[in-house]
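Observations on the three-dimensional arrangement
For reference, the chains in residue letters:
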Amino acid sequence: MSSESEKRPAAGTRTPLREETVARTALALVDSGGLESLTMRRLATALGVQLPALYRLFGSKQELLDEMAEMILAGVSARKRPTDGAGWTERLAAIAHAIRACLLTQRDGARIVGGSFAAKRHAHTLTLADTLVETMLEAGFSAERALWPCTTVFSFILGESLEQQGSAHAGDESDIAARTVDHPHLSAAHFLDFDARFDFGLRVLLAGLRAELTEKP
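The present account deals with the structure reproduced in this document. It should be emphasised that the depicted structure is a prediction, and the values quoted were computed from it without experimental measurement.

Some words on the overall build of the protein chain
In terms of regular secondary structure, the protein chain is built from twelve helices and zero strands. The order of α-helices and β-strands along the protein chain, N terminus first, is α-α-α-α-α-α-α-α-α-α-α-α. Expressed as a percentage of its 217 residues, the buried residues of the protein chain come to 37%. Residue pairs at least 24 apart in sequence account for 70% of intrachain contacts in the protein chain once pairs closer than 6 positions are excluded. Element-wise, carbon and sulfur atoms account for 55% of the exposed surface of the protein chain, whose accessible area totals about 13000 Å².

This is the structure we're talking about:
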């Protein structure tokens, strides 16, 4: 039987640094101070490691951001989805709402995800993309074109989420109305009703995709 001293790691040893741990700590730093506050040196300090230890895991800050984007999008699969019998528009809408929710849960989430291109080893991101393409194939798009509606919808989600997260210092609707008083076509607009804006835009996109399927040669 091993003694307690044999079970404990030797003094001075450290649990190996993992990519997931680093990315999660980086996301926490962004939540606290915004994306601009995230530096590799500050991250190393938060983890209690030397800077070279981070660069052994991530060759650059961009690689770290890609891993952070992967972690954000990992939450999409955990969100409630329609039943298997649901139509493609209902499934696509549910995925779109799940992506948006994950982006908005993380401070600067849209900037992190929008600035990454995880095309190699990021299982959650690739699985999400594959699910979107599968949905478009089931809708009736050809294999050659099925990716295009996915990128259109995804870009819309990113754009609306980016604007919503960037509106933190915009004030309220009355502040915006005061600033646009000399622009009568803008002064009555509801800039900050982001839920309604998103629902409207998504309905327009879905209607356009249905029309594209009807009119395709």
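Comments concerning the packing of aromatic side chains
Summed over all chains, the structure comprises one aromatic pair. Taking the centre distance of 5.2 Å and the plane angle of 20 degrees together, the rings of Phe 156 and Phe 198 count as stacked. Taken together, the positions of Phe 156 in helix 9 (residues 147-165) and Phe 198 in helix 12 (residues 194-215) put the pair 42 residues apart, joining distant regions of the chain. In this pair, the class of Phe 156 matches that of Phe 198, namely buried. A cation sits over an aromatic face here: Arg 100 above Phe 198, 4.8 Å from the ring centre.

What about the side chain of Ser 37?
Along the chain, the position of Ser 37 falls in the loop between helix 2 (19-33) and helix 3 (40-47). A distance of 2.6 Å separates a polar atom in the side chain of Ser 37 from the backbone oxygen of Gly 34. Each residue touching Ser 37, except ones within four places of it in the same chain, is listed here: Leu 29 and Arg 42.

Considerations on helix 8 (residues 123-139)
An α-helix turns once every 3.6 residues. As a result, residues three or four positions apart point the same way. Taking 1.5 Å of rise per residue, the 17 residues of helix 8 would be expected to cover 24 Å, and the 24 Å separating its terminal C-alpha atoms lies within 8% of that figure. For helix 8, the full list of buried residues reads Thr 125, Leu 128, Leu 132, Val 133, Thr 135, Met 136 and Ala 139. The buried residues of helix 8 all sit within an arc of 155 degrees when viewed along its axis, so they share a single face. Backbone geometry just downstream of helix 8 places Gly 140 in the positive-phi region, at approximately 125 degrees.

Observations regarding the environment of Thr 25
Mapped onto the fold, Thr 25 is located in helix 2. Spatially, the C-alpha atoms of Thr 25 and Met 68 are 9.5 Å apart, while their sequence positions differ by 43 residues. Discounting chain neighbours no more than four positions away, the residues touching Thr 25 are Leu 43, Ala 46 and Leu 47.

Here we look at the packing of helix 6 (residues 88-105) against helix 8
At a closest axis distance of 9 Å, the pairing of helix 6 and helix 8 adopts a crossing angle of 160 degrees. Comparing the axis directions of helix 6 and helix 8 gives the class roughly antiparallel. Seen from above, helix 6 lies across helix 8 with left-handed handedness. Between helix 6, through Trp 88, Arg 91, Leu 92, Ile 95 and Ile 99, and helix 8, the contact on the second element is made entirely by Leu 128, Thr 131, Leu 132, Thr 135, Met 136, Glu 138 and Ala 139. Residues that form the contact of helix 6 with helix 8 fall into these classes: eight nonpolar, two polar and two charged.

Remarks on the pattern of salt bridges
Counted by the stated rule, this structure contains nine salt bridges. Its salt-bridge partner being Glu 138, residue Arg 91 comes within 2.3 Å of it at the nearest N-O pair. Linking Arg 91 in helix 6 with Glu 138 in helix 8, this pair joins segments that are 47 residues apart in sequence. Salt bridges sharing partners connect three or more residues here, namely Arg 18, Glu 20 and Arg 24.

Some details on the environment of Ala 139
Residue placement: Ala 139 occurs in helix 8. Sequence separation between Ala 139 and Leu 213 is 74 residues; the distance between their C-alpha atoms is 8.0 Å. Contacts of Ala 139, omitting those with residues within four sequence positions, involve Trp 88 and Leu 213.

Regarding helix 12
Between its terminal C-alpha atoms helix 12 stretches 31 Å, which fits the 32 Å expected from 22 residues at 1.5 Å a residue. If you check which residues of helix 12 are buried, you get Phe 194, Phe 198, Gly 201, Leu 202, Leu 206, Leu 209 and Leu 213. Buried residues of helix 12, seen end-on, are gathered within an arc of 135 degrees and therefore sit on one face of the element. Summarising the geometry of helix 12, the exposed residues directed more than 90 degrees from the buried face are Phe 200, Arg 203, Thr 214 and Glu 215. Elements in contact with the buried residues of helix 12: helix 6, helix 8 and helix 9.

Definitions and limits used
Residues numbered from 1 in each chain as written. Predicted model: local features only at pLDDT ≥ 70, side-chain atom pairs only at ≥ 80, totals over all residues. Heavy atoms only, no water. Helix = DSSP H or I, 4+ residues; strand = E, 2+ residues; numbered from the N terminus. Buried < 20%, exposed > 50% of the residue type's maximum accessible area, 1.4 Å probe, protein only. Contact = heavy atoms within 4.5 Å. Areas by Shrake-Rupley, 256 points an atom, 1.4 Å probe, with all protein chains shown as cover. Phe/Tyr/Trp six-rings, centres within 6.5 Å; stacked < 30°, edge-to-face > 60°. Lys NZ or Arg CZ within 6 Å of the ring centre and 35° of its normal. Polar contact = N/O pair within 3.5 Å; in protein donor to acceptor, adjacent residues only side chain to side chain. Expected span 1.5 Å × (residues − 1). Arc of directions from axis to C-beta. Axes fitted to C-alpha atoms, helices over the stretch in contact; angles between N-to-C directions. Parallel < 35°, antiparallel > 145°, perpendicular 65-115°, else oblique. Left-handed = near helix turned anticlockwise from the far one by under 90°. Nonpolar A, V, L, I, M, F, W, Y, C, P; charged D, E, K, R; others polar. Salt bridge = Lys/Arg side-chain N within 4 Å of Asp/Glu carboxyl O.

Any functional reading would require information that these geometric values do not contain.
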